[in-house]
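Observations on the three-dimensional arrangement
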Amino acid sequence: MSPPIPSFFYGTAWKEERTATLVELALRSGFRAIDTANQRRHYFEDGVGEGLATAYHAGVVTRDDLFLQTKFTYQRGQDHRLPYDPTASFSEQVKQSLASSLTHLGTDHVDSYVLHGPASNYDWTDDDGEVWEEMCKERDADRTRLLGVSNVSLSHLEAMSASRAELPTFVQNRCYARLGWDRDIRDFCRDHNIVYQGFSLLTANHEVLHHPLIARLAESAGATPAQIIFAFARAIKILPLTGTSNAHHMQQDLASRDLILPPEAVQTIESISG
Ligand SMILES: NC(=O)c1ccc[n+]([C@@H]2O[C@H](COP(=O)([O-])OP(=O)(O)OC[C@H]3O[C@@H](n4cnc5c(N)ncnc54)[C@H](OP(=O)(O)O)[C@@H]3O)[C@@H](O)[C@H]2O)c1
């Protein structure tokens, strides 16, 4: 049975030696979905596993309470600390990378396994086809429950669909207000029953976060501008990620789930972004 889709992801990029402590703090704060990657350049997946183990040991959560998501990253997105043999075939690299992730995370399966980015910025290539086919096999072998793709354009998704590849459960993209909050991709996702995960909602959209209209909406809702952005994201069917390192912000980010924006407020925010 598929696990329920979470309502908020705690993102673990760029945490380095603080990863384990912050993952444990995120779980103690109430996050139940963790996003990571087997890409040592930006993530310390082993540290995520350490944070999980500490939380299990302390009785904060069990594995079954959690939604764990990690990624396969091509060599071009990695540094020298590779989780696979780069001379092996792509399908073998996927196998090795996922096996290493499961060891890091201390589990026999993840809930979602994501292709970190296609091989080409434009096309869905044969290499992507091979990687995706292996990811589907890993899913069929119960080493992941669901699959996703990240950093994709509309042309990637259309080409993937045209190649008759199975479509993902998730798309995970950086979400820019100036691109209508990734409207084209979100439309594709809506039409194909794909859940859109949005990252850098705050950091990629400084001008919206600091806009006077957001300040006004925040004041009248008794919320912070960051909470308004997360509530807005949810209103337009974006499943948000946050990468906060701050305990208070963790609470605020989770509390934004209780904030329901009226349709006029959603329209106002969309109009700022243009
Ligand atoms: N697929 C990909 O290629 C990809 C790429 C990038 C990221 N990601 C994933 O997405 C996750 C999140 O990345 P991100 O770019 O959205 O986040 P991020 O870069 O980690 O930054 C979040 C920023 O927002 C601030 N923040 C969060 N909550 C706040 C609040 N309530 N009030 C004020 N400031 C707040 C944080 O500051 P404080 O720390 O002070 O709270 C931090 O500066 C990553 O950790 C990773 O898991 C995926």
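Up top is the structure.
Residues numbered from 1 in each chain as written. Predicted model: local features only at pLDDT ≥ 70, side-chain atom pairs only at ≥ 80, totals over all residues. Heavy atoms only, no water.

1. Points about the pairing of strand β8 (residues 238-242)
The buried fraction of β8 amounts to five of the five residues, a majority that puts the element mostly inside the structure. By the alternation rule, side chains of β8 split into Ile238, Pro240 and Thr242 and Leu239 and Leu241, which are all buried. Relative to β8, strand β1 (residues 9-11) is paired through two bridges, and the arrangement is parallel. Paired with Phe9 across the two strands is Leu241, which belongs to β8. Direction of pairing for strand β7 (residues 195-199) relative to β8: parallel, over a ladder of three bridges. Paired with Tyr196 across the strands is Ile238, a residue of β8. (Buried < 20%, exposed > 50% of the residue type's maximum accessible area, 1.4 Å probe, protein only. Helix = DSSP H or I, 4+ residues; strand = E, 2+ residues; numbered from the N terminus. Pairing = 2+ DSSP bridges.)

2. Points about the packing of helix α1 (residues 19-29) against helix α2 (residues 45-57)
For any two helices packed against each other, the geometry is given by the interaxial angle and the distance between the axes. Remark: α1 packs on α2, axes separated minimally by 7 Å, with the N-to-C direction vectors making an angle of 45°. With respect to α2, the axis of α1 lies oblique. By crossing handedness, the relation of α1 to α2 is classed as right-handed. Residue-level contacts link Thr19, Ala20, Val23, Glu24 and Leu27 of α1 to Gly47, Val48, Glu50, Gly51, Leu52, Thr54 and Ala55 of α2. For the contact of α1 with α2, the residue count by class is six nonpolar, four polar and two charged. (Axes fitted to C-alpha atoms, helices over the stretch in contact; angles between N-to-C directions. Parallel < 35°, antiparallel > 145°, perpendicular 65-115°, else oblique. Left-handed = near helix turned anticlockwise from the far one by under 90°. Contact = heavy atoms within 4.5 Å. Nonpolar A, V, L, I, M, F, W, Y, C, P; charged D, E, K, R; others polar.)

3. A word on the sheet that holds strand β5 (residues 144-150)
Ordered by their spatial adjacency, eight strands build a closed barrel running β1-β2-β3-β4-β5-β6-β7-β8, and the pairing between neighbours is parallel. Strand-to-strand, the axes of this sheet are offset by a mean angle of 30°, without reference to chain direction.

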